[in-house]
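Structural overview for review
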Amino acid sequence: MGCYAGIDIGAISAKASLILDKADLDACGAPQGWELFNADANGDARIYLSPYRRTRGKPLAAATELLDEIISAVGADRVAGVTFTGSAAKLAAEKLSAAEVNEFRAIAAGLTAMGIEARTVFEMGGETSKYMRLSAGDEGYGIVDYSTNGDCAAGTGSFIDQQAGRLKYNVEELGEICLSAERAAAVAGRCSVFAKSDMIHAQQKGYTPAEVLRGLCLAVARNFRTAVVRSHPVEPPVAFLGGLAANSAVVRALREASGLDEKQLFVPRGFAHVPAVGAAALAAKAGASAGLAHMKKLRAASDSAHGAFPTTNPLTMDRVVLLRDRVEPYEAPYGDGPIDAYLGIDIGSVSTNLVLIDEEGRMMHEIYVRTQGRPIEVVGEGLREIRRAWGRRARIRGVGTTGSGRELIGQLVGADTVNDEITAHKTGATFLGRTMLDGRVPDTIFEIGGQDSKYISLQDGVVVDFTMNEACAAGTGSFLEERAEELEIAIKGQFAELALSSRAPVRLGERCTVFMERDVNSYLQRGAEKADLVAGLAYSVVYNYINRVVRGRPIGRTVFFQGGTAYNDAVAAAFAAVTGQAARRDVPPG
């Protein structure tokens, strides 16, 4: 028979399985440190499982290490076949001229080879989550139905790994920690950025880290049930596979969310290695060739993944009009007489803005401050600052509020108008166009805030269409802020300076904020320049916004870019580049 290897290379980890017959085992032994699972149900073959290891952005290197362990243990001449599965399987298989199998087939074959009885599979991996319904036949399991998580990380290992890291815990510690929690905080499970805000607010309300983490596990389980399983039937017994199955808190939460008990939803032995075992079993069944003659090519690819990155055009400010350059410092009228003034307050989830203008619309005072989950205190401090600056000289004739906290703050300050954000954006942009751009009013508004993004289409100053982001923060300011924090650069000033200095921005595409973190780290490990990655992130926000918010709606000739992210010149430059030079659109932040 010889021995057959299956290697599962995922976004986060790499696992391998080796199927050895008794003769080969007696002759050479198994790789050191590998675990004997059991005898194959079909005969004398033994199934061995490798130690779990993280790829750390280098999947080819991880595959090479696993193969080297196998070769050193059994010898290259005894490896009859190798098959890869997982998100990075195609690249490794090409380098080695080996076989590749999709993860669904690998899971079904692995459950068969390992003798695990199941009718439904829940799998939570690093970047993918899967639902499968199986049918048992003479040849093993067949796949009746399946579903995946798509391009959102909620309900995956990366999602919960990132959130646990924010509280300074390793994901492996969550199970034991959550057992001590008597209650669970309410945490959003649909988006990493929104979950972060909920976790911060929960701590401010007095929830302990254990209670926050338990809420996080429940959120992941609920999201898996609603976004992955959806309306598909769940037939027990359910096998829970993937790296997150090692987390007892997630297992308990998934049982609660699915209404299943311990017998109906179980974690089998070897839960993380099922696809690898399936790949090895399929290699043995098909008599797949080993392809180990190409190991030098695989090693070279592992060690030389430097220098060649997909890039795009450098960013430039040539087609961006900055309204801040046209704002003149306010000069109060001579004397100490009262100035009739009007106050606008915008209370958002991330920031709060206060603006004081005179009767002619000239800005007397502006304040930009973090909301920090305390809108009442933040607004109160802003009002005190305005009073310290202007005293009794500012005679406030009217107050308007907008933003997500407009109703609450409107009541507290006795606002004359409480305005929805679409109306406020339209009114402010139209006023600025008439007074600062020689009467050129906007026909399109792009707005990117801390956690939401909006698109507004105007005709003759009237809103004719609008939309906003749904449950994804990939095209928002928080997305950029988190990436800047990971890269240890200041989001204000330094980010734009670095991005605009790049001569070859890395093309990062549009990705969930959790997945983008992995991509950026991988490029850094492969030698990408920080400036090129920062410029790529500016482009990424724009592509996310265009494809997930605008979604084919018309973009006019005069585009206003608004919201807190508009302070970032690099993003403004990316908008000007992506929307096309032919239209000669101006993108003035304001």
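Details of the structure are given in the entry above.
Please read these numbers as outputs of a predicted model, since none were measured by experiment.

1. With respect to the pairing of strand β1 (residues 3-9)
Within β1, seven of the seven residues are buried, leaving the element largely enclosed by the surrounding structure. Across the two faces of β1 the burial is the same, with C3, A5, I7 and I9 and Y4, G6 and D8 all buried. Relative to strand β6 (residues 79-85), β1 runs parallel, the two sharing six bridges. Each bridged residue has a counterpart across the sheet, and for G6 the counterpart in β6 is T83. Alignment of β1 against strand β2 (residues 13-20), held across six bridges, turns out to be antiparallel. From the neighbouring strand, I7 faces β2, where its bridge partner is A16. Between the antiparallel neighbours β1 and β2 lie three residues.

2. Section: the packing of helix α8 (residues 209-229) against helix α9 (residues 248-258)
Where α8 contacts α9, the axes come no closer than 8 Å and their chain directions differ by 50°. Taken together, α8 and α9 sit at an angle that is classed as oblique. Crossing of α8 over α9 shows right-handed handedness. Taken together, the residues of α9 that come into contact with α8 (itself represented by R214, C217, L218, A221, R222, F224 and R225) are A249, V250, R252, A253, L254, E256, A257 and S258. Its residues placed into classes, the contact of α8 with α9 shows nine nonpolar, one polar and five charged.

3. Describing the nonpolar core
L315, F446, F495, L537, Y545 and F575 are the most contacted members of the largest nonpolar core, which totals 43 residues. The set of elements that each furnish at least two residues to this core consists of β18 (444-448), α15 (477-486), α16 (494-501), α17 (513-525), α18 (530-550), β21 (559-562) and α19 (569-578). For this core, the leading source of residues is α18, giving twelve residues. Apart from residues lying up to four places away in sequence, L315 is in contact with A499, L500, R503, A535, A538, Y539, A570, A573 and A574. With 38 residues, the next largest nonpolar core counts A185, L218, A245 and A253 among its residues.

How each quantity is defined
- Residues numbered from 1 in each chain as written.
- Predicted model: local features only at pLDDT ≥ 70, side-chain atom pairs only at ≥ 80, totals over all residues.
- Heavy atoms only, no water.
- Buried < 20%, exposed > 50% of the residue type's maximum accessible area, 1.4 Å probe, protein only.
- Helix = DSSP H or I, 4+ residues; strand = E, 2+ residues; numbered from the N terminus.
- Pairing = 2+ DSSP bridges.
- Axes fitted to C-alpha atoms, helices over the stretch in contact; angles between N-to-C directions.
- Parallel < 35°, antiparallel > 145°, perpendicular 65-115°, else oblique.
- Left-handed = near helix turned anticlockwise from the far one by under 90°.
- Contact = heavy atoms within 4.5 Å.
- Nonpolar A, V, L, I, M, F, W, Y, C, P; charged D, E, K, R; others polar.
- Core = buried A, V, L, I, M, F, W, Y, C linked by side-chain atoms within 4.5 Å.

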